[in-house]
Amino acid sequence: MEIIQISGMVLGLVAVFSEAGLASKYKPLVSLSIGVLIALVGVGVSKEAVMLGIMAGLSASGLWAGTKATMSKTEIIEDRG
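Just so we're clear, the structure is a prediction, and the values are computed from it rather than from any experiment.

(A) Main features of the overall build of the chain. Broken down by element type, the chain carries 3 helices and 0 strands. Sequence-ordered secondary structure for the chain, helices as α and strands as β, is α-α-α. Sorting the 81 residues of the chain into buried and exposed places 23% on the buried side. Relative to all contacts within the chain whose residues are 6 or more apart in sequence, the contacts with residues 24 or more apart total 58%. When the accessible surface of the chain is split by element, carbon and sulfur atoms take 68% of a total near 5500 Å².

Below is the structure:
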């Protein structure tokens, strides 16, 4: 498994948990945990899998935050226009 695949799965699962009512302050922790779990299952139990999971979880968390920030700025600009 590659980091891009794992990040996509993490992003999707965090979005599902978010819709189910997950508080925003727990999203990075959940993202990190899911990333590590998916990597351990997909790659096998190793230090490399843990590191891959951490990188994927953090990547997904950053992507989520960046997209959210970009969308809110777009909405503000559209309201002014």
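(B) How the structure looks around the nonpolar core. Counting residues in hydrophobic clusters, the biggest one holds 10 residues: Ile6, Val10, Val14, Val30, Ile34, Ile38, Ala39, Leu52, Ala56 and Ala60. Element by element, the count of residues in this core is highest for helix H2 (residues 27-43), at 4 residues. The residues touching alanine 56, leaving out its near neighbours within four places in the chain, are Ile3, Ile6 and Ser7.

(C) Representation of H2. With 17 residues, H2 should cover 24 Å at 1.5 Å per step; its first-to-last C-alpha distance of 24 Å lies within 8% of that length. Taken as a whole, H2 has its buried residues at Lys27, Val30, Ser31, Ile34, Gly35, Val36, Ile38 and Ala39. Glycine 44 sits one or two positions beyond H2 and adopts a positive phi of about 115°.

(D) Representation of the confidence of the model for the chain. Across the chain, the average pLDDT comes to 86, with 88% of residues at or above 70. In the model of the chain, helix H3 (residues 47-80) stands out as the element of lowest mean pLDDT, 79, in contrast to H2, which has the highest, 93.

(E) Structural detail: a nonpolar patch on the surface. On the surface, a nonpolar cluster with roughly 250 Å² of combined accessible area is contributed by Met1, Met9 and Val43. Relative to the helices and strands, methionine 9 resides in helix H1 (residues 3-19). Its relative accessible area of 33% is what places methionine 9 among the partly exposed residues.

(F) Main features of the packing of H1 against H2. It is at 9 Å that the axes of H1 and H2 come closest, and there the two elements cross at 135°. Here H1 is positioned oblique relative to H2, judged by the angle of their axes. At the point where H1 passes H2, the crossing takes the right-handed sense. Here Ile6, Met9, Val10, Leu13, Val14, Phe17 and Ser18 of H1 come into contact with H2, specifically with Lys27, Val30, Ser31, Ile34, Gly35, Ile38 and Ala39. Of the residues assigned to the contact of H1 with H2, the class counts are 10 nonpolar, 3 polar and 1 charged.

Rules and cut-offs
Residues numbered from 1 in each chain as written. Predicted model: local features only at pLDDT ≥ 70, side-chain atom pairs only at ≥ 80, totals over all residues. Heavy atoms only, no water. Helix = DSSP H or I, 4+ residues; strand = E, 2+ residues; numbered from the N terminus. Buried < 20%, exposed > 50% of the residue type's maximum accessible area, 1.4 Å probe, protein only. Contact = heavy atoms within 4.5 Å. Areas by Shrake-Rupley, 256 points an atom, 1.4 Å probe, with all protein chains shown as cover. Core = buried A, V, L, I, M, F, W, Y, C linked by side-chain atoms within 4.5 Å. Expected span 1.5 Å × (residues − 1). pLDDT = per-residue confidence, 0-100. Patch = residues over 30% accessible without salt bridge, like charges linked within 9 Å, V, L, I, M, F, W, Y side chains within 5 Å. Salt bridge = Lys/Arg side-chain N within 4 Å of Asp/Glu carboxyl O. Axes fitted to C-alpha atoms, helices over the stretch in contact; angles between N-to-C directions. Parallel < 35°, antiparallel > 145°, perpendicular 65-115°, else oblique. Left-handed = near helix turned anticlockwise from the far one by under 90°. Nonpolar A, V, L, I, M, F, W, Y, C, P; charged D, E, K, R; others polar.

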